[in-house]
Amino acid sequence: MARPTRRSGNLPAEATSFIGRRRELAEVRKKLGAARLISLVGPGGVGKTRLAVRIAADLARGFRDGAWLVELADVRDPALVSNAAMAALDLRDQAFTEPLVLLLSYLKDKELLLLLDNCEHLLSSAAQVAADVIKAAPGVRVLATSREPLAIDGEHVVPVPPLELPSASAAESLARLGQNEAVMLFTERAAAASGTFELSGANQIAVAEVCRRLDGLPLAIELAAVRSRVLTVEQIRDRLNDRFGLLTGGSRAALPRHQTLRTTIDWSYELLAPAERALLRRLCVFAGRFTLEDVEAVCTADDVPVAAALDLLSSLVDKSLVMKEDVEGVACHRLHETMREYSALKLREAGEEVAVGERCTDYYWSRCQQATAEARYRLPDWLEWMDLEIDNIRAVLRHCLTRRDARRGLDLVTSAGWYWITRATTEGVRWLDELQACGPGNPEGQFWAYFLRGFLAVLKADAIAARPPLKRALTAARKLAQPALLTQALSMASIAENMAGDAESAQRFLDDSAVVAADLDDFPAKISVLQAQALNGFFQGDIETVKVAAAEGVRLGREVGDLYSLEMMLLNAGGTALITGDLEQAKSFYTEALRIARRIDDRVAEYALLDGLGCVAAGSGQPRHAVQLIGAAETIRTQAGASLIPILAPLIAQAEGLAVAALGQSKFDSAMDAGKRLGRDEAIRLALGEPAQVSVEAPPNGVALLGKREAEVARLVAEGLSNKRIGGRLFISERTVDSHVRNILNKLGFNSRAQIAGWMASSRGDGRGEKI
């Protein structure tokens, strides 16, 4: 399921209801048959994103695998473009396969439309990824938005002009004027802002003049229209004319369009109260989403008191200078890219760039440091926070790297360790390597950098890369004279040596870790020894040792609430039960572990557990069920870039042999194909024996442009339910439902619930379901 940017009803013009653009839509539709890459090109604020999303929504049903949005506005690091595309396609950097390799491997047999949005600040990297995708995946078409072309072979450029301007003729009828693109936008946004605005014979001339004065630029029209809350449209016109007149010497001459937009933003900015201006310019320090708590910590000072932050932020949202969005029940905000650039300019002019940047770095460094010790014991909540803040944390890491601030940089990257372990293994390796090259951190921070680098290499099944940093971690732990740290390093070194095939060294490290840990009352040290003992037992074929270590690990994991360790130990315990033929016990262990894996979204564990439950089903006389689970596991495994766990390989082969004997080859192949086509959530529900749900997450036809909750709301809207009934069905407030409905209308460019229902119906009109 794609994870597109979720936006709220208070939107800049690029995300407002779709109006006009018929020529551009027709041109893209015409070119897409032959062109592999189409770039929508135009200046900031002209509406490229909104147009691109509408085009994707309209054309998605022509692609077997739908359309997928890759939002690049918040990505500041050129190296992460392929990671962003992977995340949008719900792939996972959690194993040995490099992100770009995994992306291309996944896309090679797909037929889909990939929308790369906001490429201008990552032009070279976005162009390279687009070129690689086109070369590797003949069934994929790429639609890009940017301020300039990507400049690669085969690119077709479609310029995106401003909206159609109203006629200068005063005799134009009200009905005809109301159909003009720019006027429709102004009217819609003014009505949303004031609650009472209507186009009328009394104001039509003023509305037309405002739209013409603003050159039909959607963002400029949006900023002007929201002022109808406190000004009449005639006052808006006159104030804009005064401002533009100063720049053109009082003549009617037009400014270049980019200067028109800048002047309109200047006008909006100067209408703000001093505290609002100060807050707006400081918000540019956030690379991605930000919460009120973030704002209070980073952007407040004597001129912006903490107590006033909520009211000031709400005022900026009301004026369409800041966008509000709800993400997994958390109220978040973001800046439109054009507004972010403007705010950054104002921050530099105010001489606050360094101070606010340092405050932001200190904030995320301290928050992550405070959370480090407890993160593993409240992992679901911590991972949710990291998923929300990761773009800001990446920006701070880049800031540390640029300033060669190894101390804070290494502290930050290691405190985010569980994120790299479960979400972005290759990225974590890159940050560690780059920051290590800047110089040493503080002594304990340096230990954790070495240890995490070795841990990530083990997860990537790269024993050769794991050995050097783990050796350095051992040296650092001994210098620190901290037995708990030494135990963890010794245990991880034992695992790495087993992976490298050096059983003698593995046993020596394991024995040493057990001796050091014997007198420690430290959970991380104890659990690391137990995990090393369990894996060592598997490597040596000593199932009894695995069983004992896993049982103690399960007990300790439950006792302290360490879900990741509990999941791993349950997986180990399930393996011993499966090998010894205790299928009921194996099923119990695997089922509990799978619920944890789903909760923390651990894809590698999910595939291994589905495989294990498939083996249980095969041995329990459920061959079709077994094959479906094994097929689903293969899909999840390949989407995480992982290889089959060696311990599981003979068990799976045995299970498949039983299934072929029971079903015959034809039915076996059919069940395997059915399993491979299952969505991840659907497969986990099947494995856990939970009732199936009508899926709107990833069926084969449609468009992946709505968030999961938005998709659920859209389905219920199509069923004719009111907001109140939808809220009751989904256990959310009626107000939250209303926000989701407005998001859906904005994203898909619709004006009514009936259009949502019609779109949902047409999405499944071919009988294959919908993907939204």
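You'll find the structure just up there.
As a starting point, this report considers the structure included with it. Along each chain, numbering runs from 1 in the same order as the chain's sequence is written. Local features in this predicted model are restricted to residues whose pLDDT is 70 or higher, and side-chain atom pairs enter the listing and the counts only when it is 80 or higher, whereas totals over whole chains, interfaces and linings include all residues. Only hydrogens and water are set aside; all other atoms, that is, all heavy atoms of the structure, feed into the side-chain values.

Considerations on the overall build of the protein chain
Right, on to step 1. Comment: elements are numbered from the N terminus, with helices defined as DSSP H or I runs of at least four residues and strands as E runs of at least two. Check the secondary structure of the protein chain and you find 37 helices and 7 strands.
Right, on to step 2. Relative to its length of 772 residues, the protein chain is compact, with a C-alpha radius of gyration of 28 Å against a globular reference of 28 Å.
Right, on to step 3. Dimensions along the principal axes, computed over C-alpha positions, put the protein chain at roughly 90 × 60 × 50 Å.
Right, on to step 4. Summary of the burial criterion: residues with accessible area below 20% of their type's maximum are buried, those above 50% are exposed, and those between are partly exposed, where the area comes from a 1.4 Å probe applied to protein chains only. Out of the 772 residues belonging to the protein chain, those deemed buried represent 60%.
Right, on to step 5. Residue contacts follow a heavy-atom distance rule, with two residues in contact if any of their heavy atoms lie within 4.5 Å. For the protein chain, long-range pairs separated by at least 24 residues make up 74% of all intrachain contacts whose partners lie at least 6 apart in sequence.
Right, on to step 6. Note that His is not counted, nor are the chain ends; the positive residues are Lys and Arg, and the negative ones are Asp and Glu. Taken as the charge location is NZ of Lys, CZ of Arg, CG of Asp or CD of Glu. For the protein chain, the distance from the average position of its 93 positive side-chain charges to the average position of its 99 negative side-chain charges is 4 Å. Every radius of gyration here is taken over C-alpha atoms, with the globule rule written as 2.2 Å times N^0.38, N being the number of residues.

Things to note about the side chain of Ser343
Right, on to step 1. Of note, Ser343 is situated in helix 15 (residues 337-349).
Right, on to step 2. For the purposes of these results, a polar contact is taken to be a pair of N or O atoms within 3.5 Å, where, inside protein, one atom must be able to donate a hydrogen and its partner to accept one; residues adjacent in sequence count only when each atom of the pair is a side-chain atom. Polar contacts involving the side chain of Ser343 include one to the main-chain carbonyl oxygen of Leu280, which spans 3.3 Å.
Right, on to step 3. Not counting the four nearest positions on each side in its chain, Ser343 is found in contact with Leu280, Arg281, Cys284 and Leu335.

Side note on the nonpolar core
Right, on to step 1. Side-chain atoms within 4.5 Å link the members of a nonpolar core, which is a set of buried Ala, Val, Leu, Ile, Met, Phe, Trp, Tyr and Cys residues. Formed by 197 residues in total, the largest nonpolar core has its most connected members in Phe186, Leu283 and Trp420.
Right, on to step 2. If one sorts the elements of this core by residue count, helix 17 (residues 379-402) sits on top with 11 residues.
Right, on to step 3. Aside from chain neighbours lying at most four places away, what touches Leu283 is Phe290, Val295, Cys299, Leu313, Leu316, Val322 and Leu335.
Right, on to step 4. Counting residues in hydrophobic clusters, the runner-up holds 36 residues, among them Leu72, Ala84, Met86 and Leu150.

Digging into the pattern of salt bridges
Right, on to step 1. When a carboxyl oxygen of Asp or Glu is within 4 Å of a side-chain nitrogen of Lys or Arg, the pair counts as a salt bridge. Considering all chains together, one arrives at 56 salt bridges under this definition.
Right, on to step 2. Across the pair Arg237 and Glu209 runs a salt bridge, and its minimum N-O distance is 3.3 Å. Of this pair, Arg237 sits in helix 10 (residues 233-247) while Glu209 is found in helix 8 (residues 204-213), placing the two residues 28 residues apart along the sequence.
Right, on to step 3. The buried category is assigned to Arg237, whose relative accessible area is 19%.
Right, on to step 4. On the basis of relative accessibility, which here comes to 35%, the residue Glu209 falls in the partly exposed class.

Let's talk about the pairing of strand 6 (residues 323-327)
Right, on to step 1. Where burial is concerned, the two faces of strand 6 differ: the one with Met323, Glu325 and Val327 is buried and the one with Lys324 and Asp326 is not.
Right, on to step 2. Strand pairing is assigned whenever DSSP identifies at least 2 bridges connecting the two strands. Where strand 6 and strand 7 (residues 330-334) come together, 5 bridges link them in antiparallel fashion. Paired with Lys324 across the strands is His333, a residue of strand 7.
Right, on to step 3. Counted along the chain from strand 6 to the antiparallel partner strand 7, the turn is 2 residues long, and its residue Glu328 has a positive phi close to 50°.

Some points on helix 32 (residues 665-677)
Right, on to step 1. An ideal rise of 1.5 Å per residue puts 18 Å on 13 residues; helix 32 measures up with 18 Å between its terminal C-alpha atoms.
Right, on to step 2. Every buried residue belonging to helix 32 is among Phe668, Ala671, Met672, Ala674 and Gly675, and all of these are buried. For helix 32, the angular spread of the buried residues around the axis is 160°, confining them to a single face. Turned more than 90 degrees off the buried face of helix 32, the exposed positions are Ser666 and Arg677.
Right, on to step 3. The secondary structure elements touched by the buried residues of helix 32 are helix 30 (623-639) and helix 31 (649-663). By this rule, a helix spans an expected 1.5 Å times one less than how many residues it contains. Along the arc lie the directions from the helix axis toward the C-beta atoms.

Some words on the packing of aromatic side chains
Right, on to step 1. Aromatic rings from Phe, Tyr and Trp, with only the six-membered ring used for Trp, were paired whenever their centres fell within 6.5 Å, and each pair was classed as stacked if the ring planes differed by under 30 degrees, edge-to-face if by over 60, and tilted otherwise. All chains considered together, the criterion is met by 11 aromatic pairs.
Right, on to step 2. Aromatic pair Phe451 and Phe455: ring centres 6.1 Å apart, planes at 65°, arrangement edge-to-face. One end of the pair is Phe451 and the other is Phe455, both in helix 21 (residues 443-459) and 4 residues apart, which spans about a single turn.
Right, on to step 3. According to the relative accessible area criterion, Phe455 is buried, its value standing at 13%.
Right, on to step 4. One aromatic cluster in this structure is built from Phe447, Trp448, Phe451 and Phe455.
Right, on to step 5. One cation-aromatic arrangement involves Arg407 over Trp365; the distance from NZ or CZ to the ring centre is 5.4 Å.
Right, on to step 6. Here, a charge over a ring is recorded when the distance from Lys NZ or Arg CZ to the ring centre is within 6 Å and its angle to the ring normal is within 35 degrees. The ring of Phe509 carries Arg508 above its face, with NZ or CZ at 5.4 Å from the centroid.

Considering the sheet that holds strand 4 (residues 140-146)
Right, on to step 1. Ordered in space as 2-3-4-1-5, the 5 strands form an open sheet in which the pairing is parallel. Only two strands of the sheet have a single neighbouring strand rather than two, namely strand 2 (67-71) and strand 5 (155-159). Adjacent strand axes in the sheet meet at a mean angle of 20°, parallel and antiparallel pairs treated alike.
Right, on to step 2. Alignment of strand 1 (residues 37-41) against strand 4, held across 5 bridges, turns out to be parallel. Residue pairing for strand 4: Leu37 is matched across the bridge by Val142.
Right, on to step 3. To define axes, lines are fitted to C-alpha atoms, for helices over the stretch in contact only, and angles between the resulting N-to-C directions are given on a 0 to 180 degree scale. Here helix 2 (residues 48-59) sits on the sheet and contacts strand 1, strand 2, strand 3 (112-117) and strand 4; the angle it forms with strand 4, its principal contact strand, is near 160°.
Right, on to step 4. Against the sheet, helix 5 (residues 123-136) makes contact with strand 1, strand 3 and strand 4, and its axis sits at roughly 165° relative to strand 4, the strand it touches most.

What about the environment of Asp511?
Right, on to step 1. Tracing the backbone through its elements, the reader meets Asp511 in helix 24 (residues 503-517).
Right, on to step 2. With a relative accessible area of 40%, Asp511 lands in the partly exposed category.
Right, on to step 3. With 20 residues separating them along the chain, Asp511 and Ser491 place their C-alpha atoms 9.0 Å apart.
Right, on to step 4. Looking at Asp511, its side chain comes within polar contact range of the side chain of Gln507, at 2.8 Å.

What to know about the packing of helix 7 (residues 181-194) against helix 8
Right, on to step 1. At a minimum axis distance of 9 Å, the contact between helix 7 and helix 8 shows a crossing angle of 110°. Overall, the two elements helix 7 and helix 8 adopt an arrangement that is roughly perpendicular. Facing helix 7, whose interface residues are Ala182, Val183 and Phe186, helix 8 presents Val207, Val210 and Cys211. Roughly parallel here means an angle under 35 degrees, roughly antiparallel means over 145, roughly perpendicular means 65 to 115, and every remaining angle is called oblique.

Let's talk about helix 14 (residues 309-318)
Right, on to step 1. Every buried residue of helix 14 is accounted for by Ala309, Leu312, Leu313, Ser315, Leu316 and Val317.
Right, on to step 2. Of the surrounding secondary structure, the elements contacted by the buried residues of helix 14 are helix 12 (274-282), helix 13 (292-298), strand 6 and strand 7.

Overview of unusual backbone geometry
Peptide bonds are, in most cases, trans, and in most cases residues other than glycine have a negative phi.
Right, on to step 1. Within the chain, Asp90 stands out as a residue other than glycine whose phi angle is a positive 65°.
Right, on to step 2. Note that Asp90 resides in the loop between helix 3 (81-88) and helix 4 (99-107).
Right, on to step 3. Phi is positive for Ala481, which is not a glycine, with a value near 55°.
Right, on to step 4. Along the chain, Ala481 falls in the loop between helix 22 (463-480) and helix 23 (483-500).
Right, on to step 5. The exposure class assigned to Ala481 is exposed, which follows from its relative accessible area of 61%.

Take it as geometry only, folks, not as evidence of what the structure does.
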